[in-house]
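Examining the three-dimensional arrangement
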Amino acid sequence: MPKNAYPAALKRVVAALSKLPGVGEKTAARLAMHLLRAPEGEALELGNALMELKEKIQLCRRCFAFADQESCPICAEAGRRQGQIMVVAEPGDLLAIEKVGWYQGLYHVLGGLLSPIEGVGPDDLRLMELLDRVMKEEVQEVILALNPSLEGESTTTYLAQELKPLGVKVSRIAYGLPMGGDIKYADQQTLKEALSHRVAT
Ligand SMILES: [Zn+2]
């Protein structure tokens, strides 16, 4: 059906869906058609889930992961190894690492990577918060798990420099990932290898 034949309500859904990463207009139209044909409850559930996402999800006060209370599920979980912090760039990286199910410590979400080209400096990331945690939480080890990219490398170098004077062990995950690869999209086996073979910085 040509796009101009869409009723306004359908056009609105297609337009909204095609803004999602990896979703072109064709896929957006297919998803919209699916929702239109699906039982009413299914479409409403999606709508409600999206509303709740924006209303209820906040960032953990301690590690800045997604949370629906003051603490994220990981910080709230008894039995996570205290004193060990894995530093990731984004919440999506944390979710990918958690899916592997191997790591038992805590996290710190930086909120991005240093990038002079895009104007992202140390003050734009949650660096001070990390240094603060290392000093206050009796942290013994910080594991840097940043993407193998130019930005990831320079952020790793910068963080190692800032962290070492605090007397904490700093390591980075070993990469089977190619340069330019992304933790979020790495397969689980590769990620598990990278997590379990850490190298000193
Ligand atoms: Zn947390």
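Residues numbered from 1 in each chain as written. Predicted model: local features only at pLDDT ≥ 70, side-chain atom pairs only at ≥ 80, totals over all residues. Heavy atoms only, no water.

Quick look at the overall build of the protein
When helices and strands are tallied, the protein shows 8 helices and 7 strands. Projected onto its principal axes, the C-alpha coordinates of the protein cover approximately 65 × 35 × 35 Å. Put simply, the protein has 201 residues, and 39% of those count as buried. Taking the contacts inside the protein whose residues are at least 6 apart along the sequence as the reference set, 55% of them involve residues at least 24 apart. (Helix = DSSP H or I, 4+ residues; strand = E, 2+ residues; numbered from the N terminus. Buried < 20%, exposed > 50% of the residue type's maximum accessible area, 1.4 Å probe, protein only. Contact = heavy atoms within 4.5 Å.)

Observations regarding helix α1 (residues 8-17)
Owing to its 3.6 residues per turn, the α-helix brings residues three or four apart onto one side. Listed in full, the buried residues belonging to α1 are L10, V14 and L17. One side of α1 holds all its buried residues, which, seen down the axis, span an arc of 70°. Among the exposed residues of α1, those oriented more than 90 degrees off its buried face are A8, A9 and R12. Among the structural elements, α2 (25-37) are those in contact with the buried residues of α1. (Arc of directions from axis to C-beta.)

Considering the pairing of strand β3 (residues 84-88)
Counting buried positions along β3 yields 5 of 5 residues, so the element is predominantly enclosed. Along β3, one buried face is formed by Q84, M86 and V88 and the opposite face, lined by I85 and V87, is buried too. Sheet topology places β3 next to strand β5 (residues 141-144); 4 bridges connect them, and they run parallel. Paired with M86 across the strands is I143, a residue of β5. Note that β3 and strand β4 (residues 106-109) share 4 bridges and pair parallel. Bridged to V88 within β4 is V109. (Pairing = 2+ DSSP bridges.)

Focus on the pattern of salt bridges
The final tally for this structure, using the stated rule, is 13 salt bridges. Across the pair E90 and K184 runs a salt bridge whose closest N-O atoms are separated by 3.1 Å. With a gap of 94 residues between them, E90 in the loop between β3 and α5 (91-100) and K184 in the loop between β6 (169-173) and α8 (188-196) connect regions that are remote in the sequence. According to the relative accessible area criterion, K184 is partly exposed, its value standing at 25%. Taken together, the shared-partner salt bridges in this structure form one network comprising E90, D93, D182 and K184. (Salt bridge = Lys/Arg side-chain N within 4 Å of Asp/Glu carboxyl O.)

Overview of the sheet that holds β6
One open sheet accounts for 5 strands, arranged β4-β3-β5-β6-β7; its pairing is mixed. Because the sheet does not close on itself, it has two edges, and the strands there are β4 and β7 (198-200). When the angles between neighbouring strand axes are averaged without regard to direction, this sheet yields 30°. Those strands touched by helix α6 (residues 127-136) are β3, β4 and β5, and its axis lies near 155° from that of β4. Sitting on the sheet, helix α7 (residues 150-163) touches β3, β5 and β6, and the angle it makes with β5 is about 170°. (Axes fitted to C-alpha atoms, helices over the stretch in contact; angles between N-to-C directions.)

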